[in-house]
Amino acid sequence: MQTKPNTIYRALDRKAAALTEFTMRQYRTKVSTWVVLGVGLVAISLVMLIYIDVMATGFESVDNDGDSFDYDNDGYPNGQELKLGTDPYMADSNPGLLDPPVEPEPASNYIDEDGFDITLEGTSNLQSTGFDDDGDCYNYDGTSSRKDANNNNIECDVLLVQNRYTGEWEVVYDLNVDEDPDDAAYAAEATHMAFVLGIGKMGFVLLLGLFLPLFLATGLIRDEMSAGTMHFMLAKPIARTEVFLYRILGYLGIVWPYFIVLGVIFATISGFMGPSEGLFRFQDLGVWLAIVFATMMASFVYGMLFCTMGVMWRYGIVLAIPFAAWELGMCLVSMGAPDAAILRFSVIGWALMIVDSAAVMVWPNMDMFLLQGTTFEDGGPGNFLSIIESSALALDFFYSKPGTGSSGLASSVIATVVLLIQGAFLWFIGGAIFKGKEIE
Amino acid sequence: MMPDFDQDGKGQTKQWQPDLTAPAVLLEGVSKSYGRIFALSNITMALNGGVTGVLGMNGAGKSTMFKLLMGKLKPSQGKIRLFGTDPWKNPAPYARVGFVPEHEKMYDWMTAHQFVSTFARLNGLTRAEAGIEADRVLNFVGLADVAHKKLGQYSKGMRQRAKIAHALVNDPDLIILDEPLQGCDPLARTTIMNVIRELGRMGRTVLVSSHILQEIERITEQIIILHNGRLLALGNLHAIREKLDQIPHRITIETDDAKALAKDVIDMDEVQGISFPDQKNLTIQTHNLGAIHAQLPKVIVDHAHKVHSIDNPDDDLASILGYLTNGGGV
Amino acid sequence: MTETPPVELGPGEYGAEAPVTGQGRMEAAWGSSEGDEDLSDTQMTQPTSTGHVFEQVYKPWQGELNPRWMRNWAILRHHLLGIFKKGHRPWGMPTRLFILVVFLASLSDAALTLLSGLLGEASIHQLWGVSRDNLYGHVLGFFPRNVLYYPIVAALLVGSVISEDRQHGTSALYFSRPITRFDYVGMKFISVALIQAIVVLLTLTLYYLAEIISLGRGWAWILDTFPLFLAAFLSGFLLIFTYTSIGLALSSVSKGKFFPGIGLLAIVLGTKVLAVLVSTLFDREILYLLSPYDCMAHVGQTIIGTQPTYDQYSWTWSLASLVAMNALALYTLSARVSTMEVTRE
């Protein structure tokens, strides 16, 4: 008559639903949950507000090579005179005297007139690329050797040299080639991407992914144990490992929707605010998806970890806090040296790898883009750090290639699997410790 | 492993096949020590059916024994079996057990109905079943009319009853109640005692602890006496009482004229000695407390004595324990 | 309470001569503790025939109360000695262990200075000896001192100092004595601050002394560097005060075991991370004003005289922000403590 075996695992699903639901309700009734979630929202919204302000203000384009200036006051900007071969420093030599006469162009045409043309082609580690759009190199009145500053026997080009050992590319410009790109466009693009990566990695994965579990998961089991209410749960036919898991599921039931909602809001706002040809930057959605996913994975592993620490010891916080500081350090390491071996021993290193992989897949031209910006020499008036360079440096700080060295998709799968294994392992450890705990 | 959102089917509780040969509770040489202190030492007993009162002073090991039974603590020595299964290793027998912990703290933000039904679902009941069962047990403990009030607004006695309801929701064969009467007002006590008696009548095995003999007396006749972690006495209250009757008991009567009363009392067979601590007090010594108590009111009424109080200074747990520990136990 | 003769209620059924039936007494003795009799039986069949009303006279205690400082000193001593030995406030072994570890780790520069003096190695001394930057670094260096050492010590100390009292109901033990709430909190504040001072300021002083002793520094050097030392000491004081006030405010707000410690850490490190994020992304340093650590670092850099790393605004902004943070924290603390219910929660 009895067909089902007499195990407690038979009605597992109902218990899981009950305990998960219970845990979520318990969170919802606590003020501290809302305070923590609210403060988290306010904190990263601050960054978002500044981003909105920066994007709304826009970036000012600079005439990097000074050829919008009309030195000889003849009504023709230097750039136009250079292009047409008249002497920009002599008022009586100007394009108006040519046959047929040329009308003066507005100076603004010569602010961003020589954009980046460098591209990487093939596998050669010595490549000639680039083009002098405004002719101020071709028309330069000088010797051939001065037009070929990078000594590759090609006048007015850009030489790309790959370092034999590090594999990094170096850019050597000829005089006046690609010297006046569109600063505003570049800075907007770079700043936007840096923002997405920065808020994703440090705002979502680090701050929210680390501190929310610290607040919410540390006491998940321990608080019940010290309050004595754990007796109610453990008086039921349910294994302690299950209690551990279902409590975690309840915690995830609170934080995961929070991350998803926050991710949707941020992706929407930044999609509209960011520079794009259409109305919305659809290409970033892949990165946002990875950010939310990485945060969810990180919060899952951290939740398991901090809950385990809470179970292990009444003073679990003493273990959790130094670990949190360690993860903070690892986050910074991963920005600078994403392939450092030490990152394999952290949680955040793997979580950030998911974001990195997505960025590699979504923005395939990132290498060239960064190369343009970080090696850009300010040829313009004054020796300031151009907005191109500063925005490129910020992007370079937050962008890194997945440290495994494999492709984007492979790395993200590897990282996800590793995080899942970490979480499962911590569940195993935490469950085993909880099982061996005597509950007063 | 996926949550069963349809929540159909029946919980496992009803289908659980008990191991009918094993006793509900079995302890064999169980000891529990904290460092060099023994909270429980070498307890051996088996219980099946009926209400059993566990008596002992504070710190006698009542709660420790219950926590050992419920798998909260690991025995230092010995073997514990609930329905033939070791509760420390396997939570399965809890499907047939209800436990009322002594802790006061509860989930104040839940209503009693939510509390009972949520934990019923941990027994494997579906949401719908749990709701029905919760209604049933809350009605049983007399909380039906306040079932949807928050536990935080409950009085002490109502909370105890809610805890009992939570323990009964899976229709358990064994119910363990740790100090269920502590801190309750008389009305709540009555209700809780009735509930416990009713459970005994239904053939369940009930273990209930208290440090007050009179409370236990009103619930059951089968008792266990623990003292300093040792099992002092086990069995029928009357049997233990009879053994206790072999030592003299004292009854102190406060009256207007002690000497006059003494004259009337001395005629009774069971009275072995009389003394007068002062003018208005009379102390009777006897081996048979029950007989004296049966006759005394008649004597007083017949002779129209003015009695202010009758007191049994020995009829409390402390003096029983004193006898048991000094007299070599049972 | 003084004995007063019972007030006579007059003759009749309430008078002293009224017959004693014992009924009232039996009701009083049994009725309240028993519950299983039929309730109708406990209804009185006739009114109580006797009764006394005692006049309540409370006589104030005329004894000499110890001065306020002596009572406060007792609280302070109780908290401070708890770090070192048993029988005083229990701080928890891990906390004490961590403080010891941090104390030793904070002395690393002193140890290396001693070593350089012993070996006569100038290169070690150049790196670790007393200098403007190293004095700043001892107190306000970000990594590891203000990530792993000081905030965590503060977090562990404040974690339970008020919230545990509320949780266990031991605050009632204080408030049932002639101690004002202000004194109670004040002493908690000072004791937590003093324990941190052992870790921060004592090690700073030892470091300075190590330099004097190991290198045989004379008066000229001391006169030269003492203002720097004082400035570093002042920064350390600021650091301790700020961490303590924020931490205690959090401790007074919550009753959880973990919340205040994690909260303090989240505030110190979280605002720092946000500020770094914004300054890296947008080259705007405005959010540093929200970070307690950065405000202290800015003020410290100014008074010690090291190279400032914040250059978009004046250090007075940082100081103002620091004052505002402390004011807010202290206000929260005092508001919470003055309205705190002395119950076990």
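Residues numbered from 1 in each chain as written. Chains lettered and ligands numbered in written order. Predicted model: local features only at pLDDT ≥ 70, side-chain atom pairs only at ≥ 80, totals over all residues.

J.: Lay out the overall build of chain B with the relevant residues and their values.
T.: Each helix and strand counted, chain B has 10 helices and 13 strands in total. The 330 residues of chain B split such that 45% are buried. When contacts within chain B are restricted to residue pairs at least 6 apart in sequence, long-range pairs at least 24 apart make up 69% of them. (Helix = DSSP H or I, 4+ residues; strand = E, 2+ residues; numbered from the N terminus. Buried ≥ 20, exposed ≤ 12 C-beta atoms within 10 Å, placed from the backbone. Contact = placed C-beta atoms within 7 Å.)

J.: I'd like to hear about the overall build of chain A, residue by residue, with values.
T.: Each helix and strand counted, chain A has 14 helices and 3 strands in total. Here the C-alpha radius of gyration of chain A, 29 Å, is well above what a compact globule of 440 residues would show, namely 22 Å. Overall, the C-alpha framework of chain A stretches about 105 × 45 × 45 Å when taken along its three principal axes. Within the span of chain A, comprising 440 residues, buried residues form 50% of the whole. (Rg over C-alpha atoms; globule rule 2.2 N^0.38 Å.)

J.: For the environment of A:Ile388, give the residues involved together with the corresponding values.
T.: Residue and element names in this part refer to chain A. The residue Ile388 is located in helix α13 (residues 387-398) in this model. Between the C-alpha atoms of Ile388 and Tyr186, which are 202 residues apart in sequence, the distance is 6.2 Å. Once you skip the residues sitting within four places of it in the chain, Ile388 turns out to touch Pro181, Asp183, Tyr186, Ala187, Gly373 and Phe376.

J.: Any details on the sheet that holds strand β4 (residues 77-82) of chain B? Residues and values, ideally.
T.: All names here are of chain B. Overall, antiparallel pairing links the 3 strands, which are arranged β2-β1-β4 in an open sheet. Only two strands of the sheet have a single neighbouring strand rather than two, namely β2 (37-47) and β4. Adjacent strand axes in the sheet meet at a mean angle of 20° when their direction is disregarded. Pairing of strand β1 (residues 25-34) with β2, which is carried by 7 bridges, proceeds in the antiparallel orientation. For Tyr34, the partnering residue across the bridge sits in β2 and is Ile37. Contacts between helix α1 (residues 62-69) and the sheet are confined to β1, β2 and β4, with β2 contributing the most and set at about 60° to the helix. (Pairing = 2+ DSSP bridges. Axes fitted to C-alpha atoms, helices over the stretch in contact; angles between N-to-C directions.)

J.: Residue-level account of the confidence of the model for chain B, with values.
T.: Residue and element names in this part refer to chain B. Of all residues in chain B, 87% attain a pLDDT of 70 or more, and the chain-wide mean is 82. Predicted confidence in chain B is weakest over helix α10 (residues 317-326), with a mean pLDDT of 67, and strongest over helix α2 (residues 112-121), with 93. In the predicted structure, residues 1-16 sits below a pLDDT of 50 and forms 36 contacts with residues beyond four places in sequence or in another chain. Of the two predicted TM-score estimates for the complex, the pTM is 0.84 and the ipTM is 0.87. (pLDDT = per-residue confidence, 0-100.)

J.: Just give me the short version of the packing of helix α5 (residues 183-216) of chain A against helix α10 (residues 316-336) of chain A, but keep the residues and values in it.
T.: Axis angle and axis distance: for two packed helices, these are the angle between their axes and the distance between the axes, and together they describe the pair. Residues and elements named next belong to chain A. The N-to-C vectors of α5 and α10 enclose an angle of 175°; their axes lie 11 Å apart at closest approach. Compared by their axis directions, α5 and α10 come out roughly antiparallel. Contacts between α5 and α10 involve Met202, Leu206, Leu210 and Leu214 on the former and, on the latter, Ala320, Ala324, Glu327, Leu328 and Cys331. Residue composition of the contact of α5 with α10, by class: 8 nonpolar, no polar and 1 charged. (Parallel < 35°, antiparallel > 145°, perpendicular 65-115°, else oblique. Nonpolar A, V, L, I, M, F, W, Y, C, P; charged D, E, K, R; others polar.)

J.: Talk me through the pairing of strand β3 (residues 169-173) of chain A; I want residue IDs and the actual numbers.
T.: Residue and element names in this part refer to chain A. Direction of pairing for strand β2 (residues 158-162) relative to β3: antiparallel, over a ladder of 5 bridges. By the bridge assignment for β3, Leu160 is matched with Val171. Where β2 folds back onto β3 in an antiparallel hairpin, the turn is made up of 6 residues, including Gly167, whose phi is positive at roughly 75°.

J.: Requested: an account of the nonpolar core, with residues and values cited.
T.: Membership of the largest hydrophobic core comes to 264 residues, with the highest contact counts inside it found for A:Ala294, A:Ala351, B:Ala165, B:Ile176 and C:Val153. At 22 residues, the largest contribution of residues to this core is made by α5(A). If sequence neighbours within four positions are ignored, B:Ala165 has contacts with B:Ala112, B:Val116, B:Val137, B:Leu138, B:Val141 and B:Leu143. (Core = buried A, V, L, I, M, F, W, Y, C linked by C-beta atoms within 7 Å.)

J.: Now, about the domain arrangement of chain A: what can you tell me, with residues and values included?
T.: In terms of domain boundaries, chain A breaks down into domain 1 (12-60 + 183-435), domain 2 (63-113) and domain 3 (126-173). The distance between the C-alpha centroids of domain 1 of chain A and domain 3 of chain A comes to 42 Å. (Domains from an automatic or database assignment.)

J.: Mind laying out unusual backbone geometry, listing which residues take part and the relevant values?
T.: Its identity as a non-glycine residue notwithstanding, B:Asn228 has a phi of 50°, on the positive side. Residue placement: B:Asn228 occurs in the loop between β8 (222-227) and β9 (230-236).

J.: Account for helix α8 (residues 240-273) of chain A, naming residues and giving values.
T.: Helix length check: α8(A), at 34 residues, gives a terminal C-alpha distance of 49 Å against a target of 50 Å (1.5 Å per residue), a fit within 8%. Its maximal kink placed at A:Leu252, α8(A) deviates by approximately 25°. (Expected span 1.5 Å × (residues − 1). Bend = angle between axes of the 7 residues up to and from the residue.)

J.: Which residues make up the domain arrangement of chain B, and what values do they have?
T.: Domain parsing of chain B yields domain 1 (13-241) and domain 2 (247-326). For domain 1 of chain B versus domain 2 of chain B, the separation of C-alpha centres amounts to 37 Å.

J.: Before we move on, could you go through the environment of C:Ile83 and cite the residues and values that matter?
T.: All names here are of chain C. The topology assignment puts Ile83 in the loop between α2 (68-81) and α3 (93-106). Remark: the alpha-carbon pair of Ile83 and Leu228, spanning 145 residues in sequence, is separated by 31 Å. In this structure, Ile83 is in contact with Trp91, Arg96, Ile99 and Ile195, ignoring residues within four places of it in sequence.

J.: Give a detailed account of the sheet that holds strand β1 (residues 126-129) of chain A, specifying residues and quantitative values.
T.: All names here are of chain A. A sheet is described by the order of its strands in space; here 3 strands give the open sequence β1-β2-β3, paired in antiparallel fashion. On the outer flanks of this sheet lie β1 and β3, each paired with one strand and no other. The sheet shows a mean angle of 20° between the axes of neighbouring strands, taken without regard to direction.

J.: With reference to specific residues and values, describe the environment of B:Val97.
T.: Residue and element names in this part refer to chain B. Within the secondary structure, Val97 is located in strand β5 (residues 97-100). Each C-alpha atom, one on Val97 and one on Thr190, is 23 Å from the other, the two residues being 93 residues apart in sequence. In this view, Val97 contacts Leu82, Pro172, Leu174 and Ile176; residues no more than four positions away in its chain are not counted.

J.: I'd love a proper account of helix α2 (residues 31-57) of chain A, names of residues and values included.
T.: Side chains three or four residues apart in an α-helix point the same way, a direct result of the helix having 3.6 residues per turn. Residue and element names in this part refer to chain A. Taking 1.5 Å of rise per residue, the 27 residues of α2 would be expected to cover 39 Å, and the 38 Å separating its terminal C-alpha atoms lies within 8% of that figure. Considered for burial, the residues of α2 that qualify are Thr33, Val36, Gly40, Ala43, Val47, Tyr51, Val54 and Met55. In the stretch just after α2, Gly58 is the one whose phi turns positive, near 80°.

J.: Describe in detail the packing of α2(A) against α5(A), supporting the description with residues and values.
T.: All names here are of chain A. Orientation of α2 relative to α5, taken along the N-to-C sense of each, is 170°, at an axis distance of 11 Å. If you check the angle between α2 and α5, you find them roughly antiparallel. Across from Thr33, Val36, Gly40, Ala43, Ile44, Val47, Tyr51 and Val54 in α2, the residues of α5 making contact are Thr191, Phe195, Ile199, Gly203, Leu207, Leu208, Leu212, Phe215 and Leu216. The class makeup of the residues in the contact of α2 with α5 is 13 nonpolar, 4 polar and no charged.

J.: Describe the confidence of the model for chain A, naming the residues involved and giving the relevant values.
T.: All names here are of chain A. Across chain A, pLDDT averages 86, with 95% of residues at or above 70. Between residues 1-9, whose pLDDT stays under 50, and residues either more than four places distant or in other chains, the model counts 10 contacts. Between residues 378-383, whose pLDDT stays under 50, and residues either more than four places distant or in other chains, the model counts 13 contacts.

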